[in-house]
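Next come the chains, spelled out residue by residue.
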Amino acid sequence: MKKGDGYVPNAGMKLFSKVIDSNDPKALVRFGVEEYHLATESEKKAYRFVQDYAEKNRGTAPDFRTVAEEVEGFEYHPNVGDDYEYLVREIKSHSAKQFAQKMLQDDAVEKFSEYDGESFINWLISEAEKIKMKTNVRADVGTSVKYDSNKFLEEYKKRKLGESLRIWKSVFPTINNEIGGYFSGNLYTWYARSGRGKSVITKTEALNSAFQGANVLFWGMEMARFEIMARLYSMISAREGIFNKQIDGLDYECGFDNRALLMATLTEEFEQGLETFLSVVHEMIPGNLIIRAADDEDFIRRDLRQLEADIIETEADVVVIDPFYYLDYEANTTRTAGGDAANTSKKLRQLAGRTKTVIHAITQSEEIRNDKDDDGNRLLKAPSRAEIKKTKAVLEDATNTFGIDTLDGRGIIDLGKGRNGGEGAQVELIYLPNYGIVREVPMGDEAGGAGQFEF
């Protein structure tokens, strides 16, 4: 080895000597040592000999003299004091540098001329991740309930201080009562038939998290930026109760008319009120809500790698994917029907855990024919999980599922599968999204009163 390349002399030979003295060839398996990790041909030969000997002799290690006779260049080190983890870490650290050197000097030169800039960077990241995985050092598998209770206590204290687990409350009290809110590291799935309010309701939840101080990342892949912002500003202004309106004989504190915002047809008075509202909206929201919309020119990649990059960049606490089936799916490694969606769902669940975010994924259920009464009137009926066909995996991978339906100013959310409880519960809604109103039917008298903005 070259001087100064970071390699610890004889690390491989010390490892094999320790394996021999301890009669522990399984250590090579436990610590994931492979032949390609070793730096010299003598080390590779010693590795193969020890492995072959153990396989043929009921898992025992050879005598050091036997290895010396069979492997040219083998150096025995008696009574090695370094532990396995240290030796393996040194071996793999050097191996990682060797892999990286080959990648940069050989493969990267070829890819640099073949790919455009973004593709080249993505390739570099992917290759670096592969090297990291190949040279990762693990000492123990899993966590011992018997001996690792200190790890549990450490995590408990972090959660108590809000340093590890964050819980973002739902805007709907019943959901909080049933499942405790939305826990960081979990995936939650919302579904409904087309046009039944799933996007509106999840926007309400996203906004509610931002009002609790969360950084919210909203991937809106089927709506334009202006449409999403109009909906959100209508909802925010409804929270502030900017004006009162009587709807079906009831008084409501409302927000800006969403249709009028979209069509730019507000009255002059309300336009002035809108300008006043927008000038102070940044003071109303403790957190932030960052949108990536269908018409964003730079929103080209919509895969999980880009999503993770956006989560890191925005320091997101809560993520909304609207809808899941517009993601660029992962490869169908199982080569089964729906395998691409299933693989994407699985990795999305892993992404929530790895980034410690709450991820809300929206999907669509199939249309059904039995949603009318005997007189032909449509019933308020949330879809069942069985009605999800193409993206069923995103239901299976979720911590909780929520089926949605809305009709004539009303709505329901049915809590489906729940790992933390709540299955079978139902939320009844007042659903007037054009005025920014999406809230649970109150148990007591509905609040009223004038808003803070005068028109």
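The structure displayed is predicted, hence computed values, not measured ones.

Now for the confidence of the model for the chain. Do not read the fine detail of predicted coordinates wherever pLDDT is low. Across the chain, the average pLDDT comes to 86, with 90% of residues at or above 70. Segment residues 1-6: pLDDT under 50, and 7 contacts once partners within four positions in sequence are set aside and those in other chains are kept. Note on residues 445-455: pLDDT is under 50 here. Beyond four places in sequence and across chains, it has 24 contacts.

Attention shifts here to the pairing of strand β11 (residues 410-418). With 7 of 9 residues buried, β11 lies mostly within the body of the structure. As paired strands, strand β10 (residues 400-407) and β11 are joined by 7 bridges and run antiparallel to one another. If you follow F402 over to β11, its bridge partner there is L415. Turn length for the β10-β11 hairpin, with the two strands adjacent in sequence and antiparallel, is 2 residues, and the turn residue D408 shows positive phi of about 50°. In terms of strand pairing, β11 meets strand β12 (residues 426-432) through 5 bridges, oriented antiparallel. For D414, the partnering residue across the bridge sits in β12 and is Q426.

Here the focus is the packing of aromatic side chains. Scanning all chains against the criterion turns up 17 aromatic pairs. Ring geometry for Y182 versus F402: centroids 6.3 Å apart, planes at 80°, classification edge-to-face. Of this pair, Y182 sits in strand β2 (residues 182-183) while F402 sits in strand β10, placing them 220 residues apart in sequence. With respect to class, Y182 is no different from F402; both count as buried. The interplanar angle of 70° and the centroid separation of 4.9 Å between the aromatic rings of W219 and F299 together place this pair among those described as edge-to-face. With W219 in strand β4 (residues 215-220) and F299 in the loop between β7 (288-293) and α13 (304-314), this pair connects stretches of sequence that are 80 residues apart. Exposure class is identical for W219 and F299. Each is buried. Three or more aromatic residues link up through ring pairs in this structure, and these residues are Y233, F243, F256, F270 and F277.

Okay, a negative patch on the surface next. Taken together, E268, E269, E271 and E275 make up a surface patch of like negative charges. Here E271 is to be found in helix α12 (residues 268-284). Owing to a relative accessible area of 38%, E271 belongs among the partly exposed residues under this scheme.

Rules of the game
Note on numbering: residues in each chain are counted from 1, in written sequence order. Only residues with pLDDT of at least 70 are given local features in this predicted model, and only at 80 or more are side-chain atom pairs given and counted; all residues enter the totals for whole chains, interfaces and linings. Side-chain metrics in this entry use all non-hydrogen atoms of the structure; hydrogen atoms and water are not considered. Note on scores: pLDDT gives the predictor's confidence for each residue, bounded by 0 and 100. We call two residues in contact when some of their heavy atoms are within 4.5 Å. Each residue is assigned to one of three classes by its accessible area relative to the maximum for its type, calculated with a 1.4 Å probe on protein chains only: buried under 20%, partly exposed between the two thresholds, exposed over 50%. Under the DSSP-based scheme used, a helix requires at least four consecutive residues in state H or I and a strand at least two consecutive residues in state E, with every element numbered from the N terminus. At least two DSSP bridges between two strands are required for those strands to pair. Stacked, tilted and edge-to-face are the three classes applied to pairs of Phe, Tyr and Trp rings, where Trp contributes its six-membered ring and a pair requires centres within 6.5 Å; stacked means planes under 30 degrees apart, edge-to-face means over 60, and tilted covers the rest. Patches here: salt-bridge-free residues with over 30% relative accessible area, like charges joined within 9 Å, nonpolar side chains (Val, Leu, Ile, Met, Phe, Trp, Tyr) joined within 5 Å. Values of accessible area rely on a 1.4 Å probe in the Shrake-Rupley scheme; residue burial ignores everything except the protein chains shown. Here, a salt bridge means any Lys or Arg side-chain nitrogen found within 4 Å of an Asp or Glu carboxyl oxygen. Positive charges are assigned to Lys and Arg, negative charges to Asp and Glu, while His and the chain termini are left out of the count. Lys charges are placed at NZ, Arg charges at CZ, Asp charges at CG and Glu charges at CD.

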